[in-house]
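Each chain is listed here by its residues.
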Amino acid sequence: MSDRGTLYYNISIEIFIWMGGVKMDTLNVIARKYLKANGIRITHFADYIGCDQGRCSRWLSGGCKLRKIQIEKVHEFLDGKFLKSVNEIMEKEGDCYCKTNY
């Protein structure tokens, strides 16, 4: 505990940060807001973090916990590391796109 009322509680893997009496969002709340704001499906998110969709949905609603490696993948996802450049997509997909002019 520090002197200006800033408390850090490490409850299992999720961290609650109290700063001046204001509770910050937990990681699952932040992830849920990010997915909703960016129109990302839970199935895509669950695949990226290596979790089945049901467990991922429960975690996003606060009903269960994730493993440490999955929490690290959540942080990667929120940092934008799931995004691919056009060149990366073209290398993987090749020349299989529609060849029309529009």
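Calculation criteria
- Just so you know, the residues in each chain are numbered from 1, in the order the chain's sequence is written.
- Thresholds applied to this predicted model are a pLDDT of at least 70 for local features of residues and 80 or more for the giving and counting of side-chain atom pairs; totals over whole chains, interfaces and linings are not thresholded and use all residues.
- Excluding hydrogens and water, the side-chain values take into account all heavy atoms of the structure.
- Between N-to-C directions, angles span 0 to 180 degrees; the directions come from axes that are lines fitted to C-alpha atoms, helices contributing only their stretch in contact.
- Helix and strand assignments come from DSSP, with helices taken as H or I runs of at least 4 residues and strands as E runs of at least 2, each series counted from the N terminus.
- To sort the angles, those under 35 degrees are grouped as roughly parallel, those over 145 as roughly antiparallel, those from 65 to 115 as roughly perpendicular, and the leftovers as oblique.
- Crossing handedness follows the turn of the near helix against the far one: under a right angle anticlockwise gives a left-handed crossing, and clockwise gives a right-handed one.
- Contact between two residues is taken to exist if any of their heavy atoms lie within 4.5 Å; hydrogens are not considered.
- Throughout, the ten residues Ala, Val, Leu, Ile, Met, Phe, Trp, Tyr, Cys and Pro are labelled nonpolar, Asp, Glu, Lys and Arg are labelled charged, and all others, Gly among them, are labelled polar.
- Each residue carries a pLDDT score, the predictor's confidence in it, ranging from 0 to 100.
- Type-normalised accessible area, obtained with a 1.4 Å probe on protein chains alone, sets the label of each residue: buried when under 20%, exposed when over 50%, and partly exposed for intermediate values.
- Each C-beta atom gives one direction from the helix axis, and the arc is the one those directions make.

## Quick notes on the packing of helix H2 (residues 42–49) against helix H4 (residues 68–78)
- Direction vectors running N to C along H2 and H4 enclose 120 degrees, while the axes themselves pass 8 Å from each other. On the basis of the axis angle, H2 is oblique to H4. You can see that H2 and H4 cross each other, and the crossing is right-handed. Across the interface between the two elements, His44, Phe45, Tyr48 and Ile49 of H2 pack against Gln70, Lys73, Val74, Glu76 and Phe77 of H4.
- Considering only residue class, the contact of H2 with H4 consists of five nonpolar, two polar and two charged.

## What to know about the confidence of the model for the protein chain
- Across the protein chain, the average pLDDT comes to 76, with 67% of residues at or above 70.
- Ranking the helices and strands of the protein chain by mean pLDDT puts helix H3 (residues 53–60) first, with 96, and strand E1 (residues 7–11) last, with 36.
- Overall, residues 1–18 carries pLDDT values under 50, and its contacts beyond four positions in sequence, including any with other chains, amount to 31 contacts.

## A short note on H4
- Within the span of H4, buried status applies to Gln70, Ile71, Val74 and Phe77. Projected down its long axis, H4 shows its buried positions confined to an angular sector of 115 degrees, all on one face.
- Buried positions along H4 lie against helix H1 (27–38), H2 and H3.
- Gly80 sits one or two residues past H4 and shows a positive phi near 90 degrees.

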